[in-house]
Amino acid sequence: MAARNKIALIGAGQIGGTMALLCLQRQLGDVVLVDIMEGVAKGKALDLQETRGVLKADASVSGGGVADYTVIKDADVCIVTAGVPRKPGMSRDDLLKVNLEAITRVATGIKQHAPNAFVIVVTNPLDSMVYAMYKVTGFARNKVVGMAGVLDTARFQYFVGDAAGVAPQDVNALVLGGHGDDMVPLLRYSSINGAPLTKFLDRAKLDAIVERTRKGGGEIVALLGTGSAFYAPAISAVTMAESYLNDSKRVLPCSCLLDGQYGVSGLFVGVPAVIGKAGVERIVEVDLDDAERAMLARSVESVRKSVAETNL
Ligand code: APR
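This one's a predicted model, so the numbers in the text were calculated from it and none came from an experiment.

## A few points about the domain arrangement of the protein
Annotation of the protein at the domain level lists domain 1 (6–146) and domain 2 (149–308). Inter-centroid distance (C-alpha atoms) of domain 1 to domain 2 is 22 Å. Every contact between the two is made by 37 residues of domain 1 and, on the other side, 42 residues of domain 2. With both chains or domains summed, domain 1 and domain 2 bury close to 3,300 Å², and 68% of this area falls on carbon and sulfur atoms. The largest per-residue losses of area from domain 1 upon contact with domain 2 belong to Arg-92, Asp-127 and Arg-141, which jointly make up 19% of the total buried on that side. Between domain 1 and domain 2 we count ten residue pairs in polar contact (both at pLDDT 80 or more) in total.

## Observations concerning the site of the ligand
In the vicinity of the ligand there are 19 residues, among which Gln-14, Ile-15, Asp-35, Thr-81 and Asn-124 approach most closely. Contact with the protein chains covers 87% of the free accessible surface of the ligand, which is 730 Å². At the level of elements, helix H1 (14–25) and helix H4 (96–113) are the ones that each hand at least two residues to the shell around the ligand. When residues in the shell around the ligand are grouped by element, the largest group, three residues, is from H4.

## As for the pairing of strand E4 (residues 77–80)
Along E4, one buried face is formed by Val-77 and Ile-79 and the opposite face, lined by Cys-78 and Val-80, is buried too. For E4 and strand E5 (residues 118–121), the ladder comprises four bridges, and the chain directions are parallel. Across the sheet, Cys-78 pairs through a bridge with Val-119, a residue of E5. Traced from E4 through H4 to E5, the parallel crossover comes out right-handed.

Rules used in this analysis
Residues numbered from 1 in each chain as written. Predicted model: local features only at pLDDT ≥ 70, side-chain atom pairs only at ≥ 80, totals over all residues. Heavy atoms only, no water. Domains from an automatic or database assignment. Contact = heavy atoms within 4.5 Å. Buried area = accessible area lost by both parts, 1.4 Å probe. Polar contact = N/O pair within 3.5 Å; in protein donor to acceptor, adjacent residues only side chain to side chain. Near = heavy atom within 4 Å. Areas by Shrake-Rupley, 256 points an atom, 1.4 Å probe, with all protein chains shown as cover. Helix = DSSP H or I, 4+ residues; strand = E, 2+ residues; numbered from the N terminus. Buried < 20%, exposed > 50% of the residue type's maximum accessible area, 1.4 Å probe, protein only. Pairing = 2+ DSSP bridges. Right-handed = clockwise from strand over helix to strand, strands pointing away.

In structure tokens form, the structure reads like this:
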């Protein structure tokens, strides 16, 4: 019998705990939760173990603290949410200093104990935190990726579906750029199962949806009052892990290290990518018109500034 996959979730907070449940329900593999608050990781792991009889899940969940990274030994996938989320009024960039410290520690642990893992970073500010993960681990570019585009696209799908009165799953969308308020939803490449969006919604409505998508994270932060979104981020990251573990080769928008694609090199920026057993197997490039190129350039500039602040 083939050994089960091992999935290390580093950060056992709102997103980490939700991902653990999703991994268990989807039978993706054994899960290890790691958190600076050891009791939280152990408590959530025990709570999840206690679901297994009802779920009829073979895979197990365990928890541990950051003092002993050996618990992630030889993990196939590491999904990192360690750090702090936004408070109302904060931008993702306001988190940089404190979360960089967390990512640097986590990256050191992953490098030492799970050198062959596919690493998915969720911690914000996303595009610079995934850059830091790449730099500190020294892993190959195809093995380190950031989760943002699946979430941004999912938000866009929901807003369009809701406004047009159609199922969100029939909305096909493409969002490029950094995971910030200047991300670039590409209306030209979006459709409702092939039918142009403009058949369903006028331009003003679509522009309002683009704006709402850009600020989608902040809308939830303001409503929650404490913490940030976690259900949609969790399912987005687990979907990326699943495509890697099952070699599904799904085309998912992810923050990837670019090497000339879209005219950008040396930065992690959101682009459509094929995720399979080799990790990021291919980056898909689509043609952009002048306006789209200008929007992407603005977004890339924000990423560049954020990365510069890491001093890496
Ligand atoms: N190592 C391990 N865990 C850490 C570390 C560290 N160095 N620093 C913080 N943590 C843990 C916290 O103890 C907490 O349990 O990370 C967890 C983060 O969980 P939450 O505060 O609930 O935040 P969450 O909503 O899960 O978001 C995590 O993802 O989307 C981003 O902006 C979000 O940066 C935030 C991250």
